[in-house]
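Listed below are the residues making up each chain.
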Amino acid sequence: MKDHLHHQHDASLDGSSDATPGGDATHRRPGERIFTAILVLFSGALLWNAYGIAGFDSLSSAGAVPMATAAVMLVSALVIGWKTARLPKTETETLTGDILPPLVLVLAAFLVLYGIVLEPLGFLPTSALFLIAAIKLLSRRGWGFTLAVSLGTLAVIYLVFRIVFTVLMPAGIVPEAEILQAVRTLIGGGK
């Protein structure tokens, strides 16, 4: 019987890493030490900010629950970091091949770019460009499929959030208010 913790996974065959949560429990995966250090720093910053709300005034102060939560996060991150640092590094995985492949980095860059251009371009064109690029890249299908899924998804999101729930979204270069008013006028018969 083969030991499932020590099998050799070849990510080049299917483009994915070992799906076992945490991988091999006796070895440190690539990037784990850095990730736990980031968790410690992030938790410490949250604790500092939570302390800034009301300090240690009382258990019923506005900052009590955020401080307790951040303290639990910090202690947990420190314990995980200490345990992780003691493990030997695995030799069967690489950071760019198994943990953080280039496709993930490209999609992260897409999200950053989305955040940057959302205000000047507006929700509709930015979301359309993002969905088209991401779906084309991920699906590796033809342009007909890509455009149908992207624009169909965008239409549903727009109808649900903008029309039904009236959530305001950055208009940008699309004269959305004028278009909606024209549709209301057409539907209302010019009232």
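Here, every reference points to the structure presented above.
Model, not experiment: these values are computed from the prediction.

Novice: Account for the overall build of the chain, with residues named and values stated.
Specialist: Helix and strand counts for the chain stand at eight helices and zero strands. Along its sequence from the N terminus, the chain presents helices and strands in the succession α-α-α-α-α-α-α-α. Out of the 191 residues belonging to the chain, those deemed buried represent 22%. Across the chain, every contact between residues at least 6 apart in sequence was considered, and the portion connecting residues at least 24 apart equals 53%. For the chain, the exposed surface amounts to about 13,200 Å²; the carbon and sulfur share of it is 72%.

Novice: Can you break down the nonpolar core residue by residue, with the values?
Specialist: In this structure, Phe123, Ala128, Leu131, Leu154, Tyr158, Met169 and Leu180 together form the largest nonpolar core, which totals seven residues. Among the secondary structure elements, those contributing two or more residues to this core are helix H6 (123-139) and helix H7 (143-164). If we ignore the near neighbours within four places in the chain, the residues touching Leu180 are Tyr158, Arg162 and Ile163.

Novice: Outline the pattern of salt bridges, listing residues and values.
Specialist: Considering all chains together, one arrives at two salt bridges under this definition. The closest approach of N and O atoms between Arg29 and Glu93, which form a salt bridge, is 2.7 Å. Here Arg29, found in the loop between helix H1 (11-14) and helix H2 (32-54), pairs with Glu93, found in the loop between helix H3 (64-86) and helix H4 (95-99); they are 64 residues apart in sequence, far enough to count as distant. According to the relative accessible area criterion, Glu93 is buried, its value standing at 13%. Here Arg162 and Glu176 are joined by a salt bridge, their closest N and O atoms 2.5 Å apart. With Arg162 in helix H7 and Glu176 in helix H8 (residues 176-188), the pair connects residues that are 14 residues apart, well separated along the chain.

Novice: Describe the packing of aromatic side chains, listing the residues and the values that go with them.
Specialist: Summed over the entire model, instances satisfying the criterion amount to three aromatic pairs. Consider the rings of Trp48 and Tyr51, whose centres lie 6.3 Å apart with planes at 35°: the pair is tilted. Separated by three residues within a single helix, Trp48 and Tyr51 lie in helix H2, roughly one turn from each other. Consider the rings of Phe161 and Phe165, whose centres lie 6.4 Å apart with planes at 50°: the pair is tilted. Using a relative accessible area of 40% as the deciding quantity, one classes Phe161 as partly exposed.

Novice: Tell me what's going on with the packing of helix H5 (residues 102-121) against H6, and back it up with residues and numbers.
Specialist: Between H5 and H6, the shortest axis-to-axis distance is 8 Å and the interhelical angle comes to 165°. With respect to their mutual orientation, H5 and H6 come out roughly antiparallel. You can see that H5 and H6 cross each other, and the crossing is right-handed. Contact residues: Leu103, Val106, Leu107, Phe110, Leu111, Tyr114, Val117, Leu118 and Leu121 in H5; Phe123, Pro125, Thr126, Ser127, Leu129, Phe130, Ala133, Ala134, Leu137 and Leu138 in H6.

Novice: Describe the environment of Arg28, naming the residues involved and giving the relevant values.
Specialist: Within the fold, Arg28 resides in the loop between H1 and H2. On a C-alpha basis, the gap between Arg28 and Lys83 in space is 9.5 Å, while along the polypeptide they are 55 residues apart. Arg28 has contacts with Arg33, Thr84, Ala85, Leu87, Pro88, Lys89 and Thr90, leaving out every residue within four places of it along the chain.

Novice: Let's hear about unusual backbone geometry: which residues, and what values?
Specialist: Positioned with a positive phi, Arg140 is a non-glycine residue whose angle comes to about 55°. Within the element layout of this structure, Arg140 appears in the loop between H6 and H7. The class of Arg140 is exposed, set by a relative accessible area of 71%. In this structure, Thr166 takes a positive phi of about 45° despite not being glycine.

Novice: How would you explain H3 if you had to name every residue and give the values?
Specialist: Taking 1.5 Å of rise per residue, the 23 residues of H3 would be expected to cover 33 Å, and the 33 Å separating its terminal C-alpha atoms lies within 8% of that figure. Along H3, the residues classified as buried are Ala64, Met67, Ala70, Leu74, Ala77, Gly81 and Thr84. If you follow the buried residues of H3, they end up packed against H2.

Quick notes on the rules
- Counting restarts for each chain: residues are numbered from 1 in the order of the written sequence.
- Local features in this predicted model are restricted to residues whose pLDDT is 70 or higher, and side-chain atom pairs enter the listing and the counts only when it is 80 or higher, whereas totals over whole chains, interfaces and linings include all residues.
- Computation of side-chain values: all heavy atoms of the structure, hydrogens and water removed.
- Helix numbers and strand numbers start at the N terminus; a helix is a DSSP run of H or I with at least 4 residues, a strand a run of E with at least 2.
- Using a 1.4 Å probe on the protein chains alone, a residue whose accessible area is under 20% of its type maximum counts as buried, one over 50% counts as exposed, and one in between counts as partly exposed.
- Contact between two residues is taken to exist if any of their heavy atoms lie within 4.5 Å; hydrogens are not considered.
- Here, Shrake-Rupley sampling with a 1.4 Å probe gives the accessible areas, and only protein chains in the shown set may cover a residue.
- To form a nonpolar core, buried Ala, Val, Leu, Ile, Met, Phe, Trp, Tyr and Cys residues must be joined to one another through side-chain atoms within 4.5 Å.
- The working definition used for a salt bridge is a side-chain nitrogen of Lys or Arg within 4 Å of a carboxyl oxygen of Asp or Glu.
- In summary, the pairing rule links any two rings of Phe, Tyr or Trp, Trp by its six-membered ring, whose centres are within 6.5 Å, and it sorts them by plane angle into stacked for under 30 degrees, edge-to-face for over 60 and tilted for everything else.
- In this analysis an axis means a line fitted to C-alpha atoms, helices contributing only their contacting stretch, and an angle means the value between N-to-C directions, from 0 to 180 degrees.
- Working definition: roughly parallel below 35 degrees, roughly antiparallel above 145 degrees, roughly perpendicular at 65 to 115 degrees, and oblique for all remaining angles.
- Here a crossing is called left-handed whenever its near helix is offset anticlockwise from the far helix by less than a right angle, and right-handed whenever the offset is clockwise.
- One less than the number of residues in a helix, times 1.5 Å, gives the span that helix is expected to have.

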